Amino acid sequence: VFDRCFAGVGDPLDRARMVRGGDEPLYLPAGRFRPIAEVVYARGLAQSCLHEAAHWLTAGPTRRELVDYGFWYIPDGRDAAAQELFEHHEATIQALESLLSEAAGVDFTISCDNLVRPVPSPQFAAAIARETARLASAMPSRAQRFSAALGQRRMLEPPPRGPR
């Protein structure tokens, strides 16, 4: 669905394709040896795919020219201050991910990305809820296009078959 929305659009800065990766997600901008940007998601999980799509959809044109959008990353085991900074930057991303998940019919779970502190703080959960409400009424156009395509795809799929 992502590729159908974004791999063939006119502006090269708006072109990207979703690529299945390994353990860690990564964004690779278009360049001399990569004609189209690649949004690499982890382990084939729908949640990772939607989370990485949310990063790409919120990144501006300048960020989309940088590997991993030029973001910092502190691995698992962050101290409280680093975790708070992570949560500040992730609230909008996870809010958009929650809306995309709803459109796709995929469960959304807040990710702290921290095994030492795996439970989201009340402040982080509230920030995501505020951003979700804001984005629901003012979703950027590329995110609207993807969300609508996910919803259409969901409507075309047959319902899961249960036991008879």
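Above: the structure in question.
Just so we're clear, the structure is a prediction, and the values are computed from it rather than from any experiment.

### Thoughts on the nonpolar core
Core analysis: the largest hydrophobic core is formed by 33 residues, its most contacted members being Phe-2, Val-39, Trp-56, Leu-57, Leu-96, Leu-100 and Phe-146. Of all elements in the fold, only helix 1 (2-6), strand 1 (16-20), strand 3 (37-41), helix 2 (46-58), helix 3 (80-104), helix 4 (122-137) and helix 5 (141-156) reach the threshold of two or more residues within this core. If we ignore the near neighbours within four places in the chain, the residues touching Phe-146 are Val-1, Phe-2, Cys-5, Phe-6, Leu-50, Ala-53, Leu-57 and Leu-100.

### Some thoughts on unusual backbone geometry
You will see that Asp-68, though not glycine, has its phi angle at about 50°, which is positive. Summarising the element assignment, Asp-68 is placed in the loop between helix 2 and helix 3. Assessed through its relative accessible area of 29%, Asp-68 is described here as partly exposed. Even without a glycine there, the phi angle at Tyr-69 is positive, about 60°. Structurally, the position occupied by Tyr-69 is in the loop between helix 2 and helix 3.

### Quick notes on the layout of surface pockets
There is about 1200 Å³ of room inside the largest pocket. Around the largest pocket, the lining is made up of 35 residues, and of these Pro-25, His-51, Glu-52, Ser-111 and Asp-113 lie nearest the centre. If you list the elements that add at least two residues to the lining of the largest pocket, you get helix 2 and helix 3. Here the lining of the largest pocket is built from residues that sort into 15 nonpolar, ten polar and ten charged.

### Some remarks on helix 4
Over its 16 residues, helix 4 extends 23 Å from the first C-alpha to the last, a length consistent with the 22 Å expected when each residue adds 1.5 Å. Restricting attention to buried positions, one finds in helix 4 the residues Phe-124, Ala-127, Ile-128, Glu-131, Thr-132 and Leu-135. The buried side chains of helix 4 occupy one side of the element, clustering within an arc of 140° when seen end-on. Projecting away from the buried face of helix 4 at angles above 90 degrees are the exposed residues Pro-122, Gln-123, Arg-130, Ala-136 and Ser-137.

### Some thoughts on the pairing of strand 3
Across the five residues that make up strand 3, a large majority, five, are buried. Side-chain alternation along strand 3 places Ala-37, Val-39 and Tyr-41 on one buried face and Glu-38 and Val-40 on a second face that is also buried. Here strand 2 (residues 26-28) runs beside strand 3; their pairing, made up of three bridges, is antiparallel. Opposite Tyr-27, over in strand 3, you have Val-39 as the bridge partner.

Each value, and the rule that gives it
- Residues numbered from 1 in each chain as written.
- Predicted model: local features only at pLDDT ≥ 70, side-chain atom pairs only at ≥ 80, totals over all residues.
- Heavy atoms only, no water.
- Core = buried A, V, L, I, M, F, W, Y, C linked by side-chain atoms within 4.5 Å.
- Buried < 20%, exposed > 50% of the residue type's maximum accessible area, 1.4 Å probe, protein only.
- Helix = DSSP H or I, 4+ residues; strand = E, 2+ residues; numbered from the N terminus.
- Contact = heavy atoms within 4.5 Å.
- 1 Å grid on protein atoms, 1.4 Å probe; cavity = no way out; pocket = protein on both sides within 12 Å on 5 of 7 lines; lining within 4 Å.
- Points joined across faces, edges and corners; volume = space filled by probe spheres on them.
- Nonpolar A, V, L, I, M, F, W, Y, C, P; charged D, E, K, R; others polar.
- Expected span 1.5 Å × (residues − 1).
- Arc of directions from axis to C-beta.
- Pairing = 2+ DSSP bridges.

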